[in-house]
Amino acid sequence: YAGIPEALGELLRRDELAVLTNKPRRAALEILDHFDLLDLFVDVIGGDGPLPRKPDPGGLHALRAQVNARPEETLLIGDSWVDVETARQARARAGFVTWGFGAPPPEGLRPNEFEIHHPGELPGVLARLNANGSHEGHSWNATIEPAKSE
(Lines give C-alpha, C1' and ligand atoms only; values in the text may rest on other atoms or scores of the structure.)
Protein backbone atom coordinates (compact mmCIF):
# COMPACT_ATOMS: atom_id res chain seq x y z
CA TYR A 1 0.00 0.00 0.00
CA ALA A 2 1.17 3.50 -0.78
CA GLY A 3 2.72 5.24 2.20
CA ILE A 4 3.59 2.10 4.20
CA PRO A 5 7.41 2.30 3.85
CA GLU A 6 7.41 5.98 4.78
CA ALA A 7 5.11 5.48 7.77
CA LEU A 8 7.16 2.54 9.04
CA GLY A 9 10.38 4.51 8.62
CA GLU A 10 8.91 7.34 10.68
CA LEU A 11 7.70 4.94 13.39
CA LEU A 12 11.06 3.20 13.52
CA ARG A 13 12.80 6.43 14.50
CA ARG A 14 11.20 6.26 17.96
CA ASP A 15 9.48 2.87 18.32
CA GLU A 16 10.27 -0.81 18.05
CA LEU A 17 8.24 -2.74 15.49
CA ALA A 18 7.34 -6.41 15.22
CA VAL A 19 4.97 -8.54 13.16
CA LEU A 20 2.35 -10.89 14.59
CA THR A 21 0.38 -12.75 11.96
CA ASN A 22 -1.75 -15.85 11.57
CA LYS A 23 -0.05 -16.45 8.20
CA PRO A 24 2.74 -18.99 8.14
CA ARG A 25 5.96 -17.28 9.26
CA ARG A 26 7.79 -18.10 6.04
CA ALA A 27 5.08 -16.46 3.92
CA ALA A 28 5.15 -13.34 6.12
CA LEU A 29 8.95 -13.17 5.85
CA GLU A 30 8.73 -13.46 2.05
CA ILE A 31 6.15 -10.66 1.83
CA LEU A 32 8.20 -8.36 4.06
CA ASP A 33 11.41 -9.18 2.19
CA HIS A 34 9.75 -8.60 -1.20
CA PHE A 35 8.82 -5.07 -0.14
CA ASP A 36 12.22 -4.44 1.55
CA LEU A 37 10.57 -4.14 4.96
CA LEU A 38 11.97 -7.16 6.78
CA ASP A 39 14.85 -5.33 8.45
CA LEU A 40 12.45 -2.89 10.12
CA PHE A 41 11.11 -5.49 12.55
CA VAL A 42 12.68 -6.97 15.67
CA ASP A 43 10.79 -10.23 15.11
CA VAL A 44 8.10 -11.90 13.04
CA ILE A 45 5.82 -14.43 14.72
CA GLY A 46 3.71 -16.54 12.39
CA GLY A 47 0.61 -18.57 12.98
CA ASP A 48 2.43 -21.84 12.34
CA GLY A 49 4.84 -21.54 15.28
CA PRO A 50 4.59 -22.91 18.80
CA LEU A 51 2.43 -20.02 20.10
CA PRO A 52 -1.36 -20.03 19.72
CA ARG A 53 -2.82 -18.09 16.81
CA LYS A 54 -4.54 -14.73 17.24
CA PRO A 55 -6.82 -13.75 18.89
CA ASP A 56 -4.96 -15.57 21.66
CA PRO A 57 -2.63 -12.90 23.11
CA GLY A 58 0.34 -15.28 23.59
CA GLY A 59 2.22 -14.06 20.51
CA LEU A 60 1.77 -10.42 21.47
CA HIS A 61 2.95 -11.17 25.02
CA ALA A 62 6.06 -12.85 23.58
CA LEU A 63 6.86 -9.86 21.36
CA ARG A 64 6.35 -7.44 24.25
CA ALA A 65 8.73 -9.47 26.40
CA GLN A 66 11.45 -9.25 23.74
CA VAL A 67 11.48 -5.45 23.94
CA ASN A 68 10.63 -5.22 27.63
CA ALA A 69 7.36 -3.35 27.03
CA ARG A 70 4.32 -3.26 29.28
CA PRO A 71 0.85 -3.89 27.81
CA GLU A 72 -0.09 -0.22 28.09
CA GLU A 73 3.00 0.65 26.00
CA THR A 74 1.96 -1.63 23.16
CA LEU A 75 -0.15 -0.83 20.10
CA LEU A 76 -1.28 -3.66 17.83
CA ILE A 77 -2.18 -2.38 14.37
CA GLY A 78 -4.19 -4.65 12.09
CA ASP A 79 -6.94 -4.90 9.53
CA SER A 80 -9.40 -7.27 11.19
CA TRP A 81 -11.50 -7.83 14.27
CA VAL A 82 -9.06 -10.63 15.17
CA ASP A 83 -6.25 -8.08 15.57
CA VAL A 84 -8.41 -5.82 17.73
CA GLU A 85 -9.51 -8.75 19.89
CA THR A 86 -5.88 -9.85 20.30
CA ALA A 87 -4.95 -6.40 21.58
CA ARG A 88 -7.93 -6.39 23.93
CA GLN A 89 -7.02 -9.78 25.39
CA ALA A 90 -3.41 -8.61 25.87
CA ARG A 91 -4.60 -5.33 27.46
CA ALA A 92 -2.73 -3.43 24.74
CA ARG A 93 -3.98 -0.59 22.54
CA ALA A 94 -5.57 -1.45 19.19
CA GLY A 95 -5.36 0.34 15.88
CA PHE A 96 -7.71 -0.80 13.12
CA VAL A 97 -6.67 0.11 9.57
CA THR A 98 -9.44 0.59 7.04
CA TRP A 99 -7.35 -0.17 3.94
CA GLY A 100 -6.94 -3.89 4.60
CA PHE A 101 -9.05 -6.88 3.68
CA GLY A 102 -10.54 -7.61 7.10
CA ALA A 103 -13.62 -6.40 8.88
CA PRO A 104 -13.74 -4.29 12.03
CA PRO A 105 -15.12 -5.72 15.28
CA PRO A 106 -18.90 -6.18 14.93
CA GLU A 107 -19.46 -4.16 18.12
CA GLY A 108 -17.21 -1.36 16.86
CA LEU A 109 -14.11 0.16 18.37
CA ARG A 110 -13.87 1.19 22.00
CA PRO A 111 -12.90 4.71 23.11
CA ASN A 112 -9.21 3.82 23.62
CA GLU A 113 -8.92 2.15 20.19
CA PHE A 114 -8.01 3.88 16.94
CA GLU A 115 -9.34 3.76 13.40
CA ILE A 116 -6.60 4.60 10.93
CA HIS A 117 -7.59 5.55 7.38
CA HIS A 118 -4.18 6.06 5.74
CA PRO A 119 -0.65 4.85 6.51
CA GLY A 120 0.46 8.45 6.92
CA GLU A 121 -1.72 8.67 10.05
CA LEU A 122 0.31 6.00 11.90
CA PRO A 123 3.11 8.27 13.18
CA GLY A 124 0.54 10.78 14.46
CA VAL A 125 -1.35 8.08 16.34
CA LEU A 126 1.82 6.96 18.11
CA ALA A 127 2.86 10.55 18.77
CA ARG A 128 -0.50 11.21 20.46
CA LEU A 129 -0.11 8.05 22.54
CA ASN A 130 3.41 9.08 23.55
CA ALA A 131 2.22 12.58 24.48
CA ASN A 132 -0.87 11.42 26.39
CA GLY A 133 0.19 8.01 27.68
CA SER A 134 0.89 7.15 31.26
CA HIS A 135 3.95 5.08 30.46
CA GLU A 136 6.60 7.27 32.09
CA GLY A 137 8.64 8.15 29.01
CA HIS A 138 8.79 4.77 27.29
CA SER A 139 8.10 4.48 23.58
CA TRP A 140 5.14 2.61 22.21
CA ASN A 141 5.78 -0.66 20.43
CA ALA A 142 3.81 -1.33 17.29
CA THR A 143 2.97 -4.84 16.17
CA ILE A 144 1.80 -4.88 12.58
CA GLU A 145 -0.01 -7.43 10.45
CA PRO A 146 1.69 -7.53 7.03
CA ALA A 147 -0.46 -6.72 4.01
CA LYS A 148 -1.53 -9.48 1.72
CA SER A 149 0.75 -9.61 -1.32
CA GLU A 150 -0.85 -8.27 -4.45
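Conventions and cut-offs
Residues numbered from 1 in each chain as written. Predicted model: local features only at pLDDT ≥ 70, side-chain atom pairs only at ≥ 80, totals over all residues. Heavy atoms only, no water. Helix = DSSP H or I, 4+ residues; strand = E, 2+ residues; numbered from the N terminus. Contact = heavy atoms within 4.5 Å. Buried < 20%, exposed > 50% of the residue type's maximum accessible area, 1.4 Å probe, protein only. Pairing = 2+ DSSP bridges. Right-handed = clockwise from strand over helix to strand, strands pointing away. Axes fitted to C-alpha atoms, helices over the stretch in contact; angles between N-to-C directions. Parallel < 35°, antiparallel > 145°, perpendicular 65-115°, else oblique.

1. Observations regarding the environment of Pro123
- Looking at the element boundaries, Pro123 is found in helix α5 (residues 122–132).
- It is 10.0 Å that separates the C-alpha atoms of Pro123 and Arg13, two residues lying 110 residues apart in sequence.
- Among all residues touching Pro123, those that are not within four sequence positions of it are Ala7, Glu10, Leu11 and Arg14.

2. Notes on the pairing of strand β1 (residues 16–20)
- With respect to burial, β1 is a largely interior element, four of its five residues being buried.
- Pairing of β1 with strand β2 (residues 44–45) involves two bridges; the strand directions are parallel. Within β2, the position partnered with Leu20 by the bridge is Ile45.
- Handedness of the crossover joining β1 and β2 through helix α2 (residues 25–34): right-handed.

3. Digging into the packing of helix α1 (residues 4–12) against α5
- At a minimum axis separation of 8 Å, α1 and α5 run at an interaxial angle of 25 degrees. With respect to α5, the element α1 is oriented roughly parallel. For the pair formed by α1 and α5, the contact residues are Ala7, Glu10 and Leu11 on the first element and Leu122, Pro123 and Leu126 on the second.

4. A look at the pairing of strand β4 (residues 93–97)
- Most of β4 sits inside the fold, with four of its five residues counted as buried.
- Direction of pairing for strand β3 (residues 74–78) relative to β4: parallel, over a ladder of four bridges. Bridge assignment links Leu75 to a residue of β4, and that residue is Arg93.

On their own, these measurements won't tell you what the molecule is for.
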